[in-house]
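Given next are the chains, with one letter for each unit.
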Amino acid sequence: MTGSLQERTIPRYVALVVLLLLLAVALSLRLYRIEGTLLYSDQAFCWRVASSDTVSELVDRAAGDTHPPGYFLVLRNWMRLAGTSPLALRSLSALLGLFSMAVFYGLFLEVMNWADRSSPSCSNHQLGALFVTAVMAIHYVPVEASRLARMYGLATLFCLTSTWLLLKAIRAENKPYRWWVAYSLAVAAFCYTHSYSFFTIAAHTLFVGVIFSGRVIRSGGQASKRLLTDFLAAGLFAFLLYLPWLPLFMEQLTRVKTDFWIPNISMGRLEEILLSWATGLGNWDGMGYWPPLGLSIGNVSTAAFIILVFLEILVAWFIFRSDRAGLFFLTLAALPWVLGLGFSWLGERPIFLPRYLTFAHLGLVGMVGVAFARLPSAWSGTLLAARVLLPCFYGTW
């Protein structure tokens with residue numbers, strides 16, 4: 001196997017066939033014995049809220065909890081088509097997971113084309129897009145989110161869609177307002193699905209701010225002002241769409257401060273989350289033992305430290321190269337963590353819960369995908385793919 005990844009070409013029909021195969025693998029993993037367990041309390045709660053007699057009653061029930069009503073409304077309509085069995089309820093999340101994979105493929109291409117100022121036909125971009133789609137197909141975190149009758153699958157879809165639309169709006173040369181309007185709608189839908197969407201929107205804001213600052217420094221002028229004006233207008237439109245729910249969100253926020261149940265996050269727990277997110281191996285017992293395969297690595301802290309060093313090297317590489325694509329995905333991955341931990345530390349109650357940040361995990365996948373696309377040779381790409389995909393495969397099964 002010789003030659004660089006950049007030198008290899010992928011015909012479009014081959015990329016399409018591979019993408020369809022990955023979707024088929026993803027669907028099989030998400031539907032495998034999906035009906036075999038009863039709905040646990042959170043999933044049963046979603047069923048009860050979605051089963052409300054009227055939309056008004058549904059909204060009232062959602063307001064009495066800690067989540068916005070978006071997912072419950074979607075689930076309510078899905079139940080009319082598919083029924084109310086565990087298979088029917090969870091299959092919605094599985095379907096949303098497939099849509100998310102397709103959007104992630106397009107998002108990765110868009111980010112790479114923006115970062116490299118190139119056309120969509122670059123083969124290394126296609127390879128990277130197929131790689132991140134493969135990771136999403138079999139990684140423990142997105143697979144688990146697609147097997148639960150909860151809002152994480154829908155939130156992930158809106159997260160990826162809004163981010164893709166943001167890139168399209170920024171890169172559009174003709175009639176960009178269409179993309180900005182679509183971005184506003186996607187952001188509003190994201191906020192109506194999960195309150196932790198604000199963390200990802202903060203990452204969007206930081207991203208646009210960096211681009212705006214760079215344009216002002218380089219050239220200034222009308223183009224820079226137009227970007228800022230368009231983004232602020234889109235944000236205002238999304239805010240107005242979200243405004244009817246805002247008073248209820250503030251009530252939920254007050255309720256969270258008084259009686260929310262999320263426990264304090266410990267360093268050991270953070271290490272386990274990092275290990276699961278980076279390797280795709282879930283269900284660590286805190287002692288370096290992974291029950292599904294009887295795999296033992298000794299100390300979780302040691303493994304987490306090794307992974308953290310690898311991520312630090314990856315970030316340093318992105319900074320050294322001024323790699324806009326890598327830094328973009330770093331922002332999507334890191335800022336929700338920083339804000340979640342920061343508000344937990346500053347606030348009266350911890351709010352950091354890893355499954356609430358499922359959509360931030362894809363930023364980490366995107367970072368590794370950028371590294372894969374940048375590798376200088378096919379053999380190094382093969383080694384990285386094996387290092388990432390094999391643990392994910394074992395972790396899912």
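If you're wondering where the values come from, they're calculated on a predicted model, not measured in any experiment. (Residues numbered from 1 in each chain as written. Predicted model: local features only at pLDDT ≥ 70, side-chain atom pairs only at ≥ 80, totals over all residues. Heavy atoms only, no water.)

With that settled, the discussion passes to the pattern of salt bridges. All chains considered together, the criterion is met by eight salt bridges. With a closest N to O distance of 2.9 Å, glutamate 110 and arginine 171 form a salt bridge. One end of the pair, glutamate 110, is in helix 5 (residues 86–116); the other, arginine 171, is in helix 8 (residues 152–171), with 61 residues separating them in the sequence. According to the relative accessible area criterion, arginine 171 is partly exposed, its value standing at 32%. Notably, a salt bridge pairs aspartate 230 with arginine 226, separated by 3.7 Å at the nearest N-O pair. Linking aspartate 230 with arginine 226, this pair stays in helix 11 (residues 222–242), spanning four residues, or about one helical turn. Through salt bridges with shared partners, a single network forms among Asp116, Arg321, Asp323 and Arg374. (Salt bridge = Lys/Arg side-chain N within 4 Å of Asp/Glu carboxyl O. Helix = DSSP H or I, 4+ residues; strand = E, 2+ residues; numbered from the N terminus. Buried < 20%, exposed > 50% of the residue type's maximum accessible area, 1.4 Å probe, protein only.)

Let us now look at the packing of aromatic side chains. Evaluated as defined, the whole model comprises 24 aromatic pairs. Relative to phenylalanine 359, the ring of phenylalanine 190 has its centre 5.2 Å away and its plane inclined at 80 degrees; by these criteria the two rings are edge-to-face. Linking phenylalanine 190 in helix 9 (residues 177–191) with phenylalanine 359 in helix 16 (residues 358–374), this pair joins segments that are 169 residues apart in sequence. The exposure classification of phenylalanine 190 matches that of phenylalanine 359, with both residues buried. Here the aromatic rings of phenylalanine 328 and phenylalanine 329 are separated by 5.5 Å at their centres, their planes lie at 75 degrees, and the arrangement is edge-to-face. By way of ring pairs, the aromatic residues Phe108, Trp114, Phe207, Phe328 and Phe329 are connected into one cluster. Geometry around tryptophan 114 places arginine 324 over its ring, the cationic atom sitting 4.1 Å from the centre. (Phe/Tyr/Trp six-rings, centres within 6.5 Å; stacked < 30°, edge-to-face > 60°. Lys NZ or Arg CZ within 6 Å of the ring centre and 35° of its normal.)

Take threonine 193: it is sitting in the loop between helix 9 and helix 10 (197–218). From its side chain, threonine 193 meets the backbone oxygen of alanine 189 in a polar contact 2.7 Å long. Sequence-distant contacts of threonine 193, defined by excluding residues within four places in its chain, comprise Pro68, Met151, Leu154, Ala155 and Phe158. (Polar contact = N/O pair within 3.5 Å; in protein donor to acceptor, adjacent residues only side chain to side chain. Contact = heavy atoms within 4.5 Å.)

The values reported here are purely geometric and, on their own, carry no functional implication.
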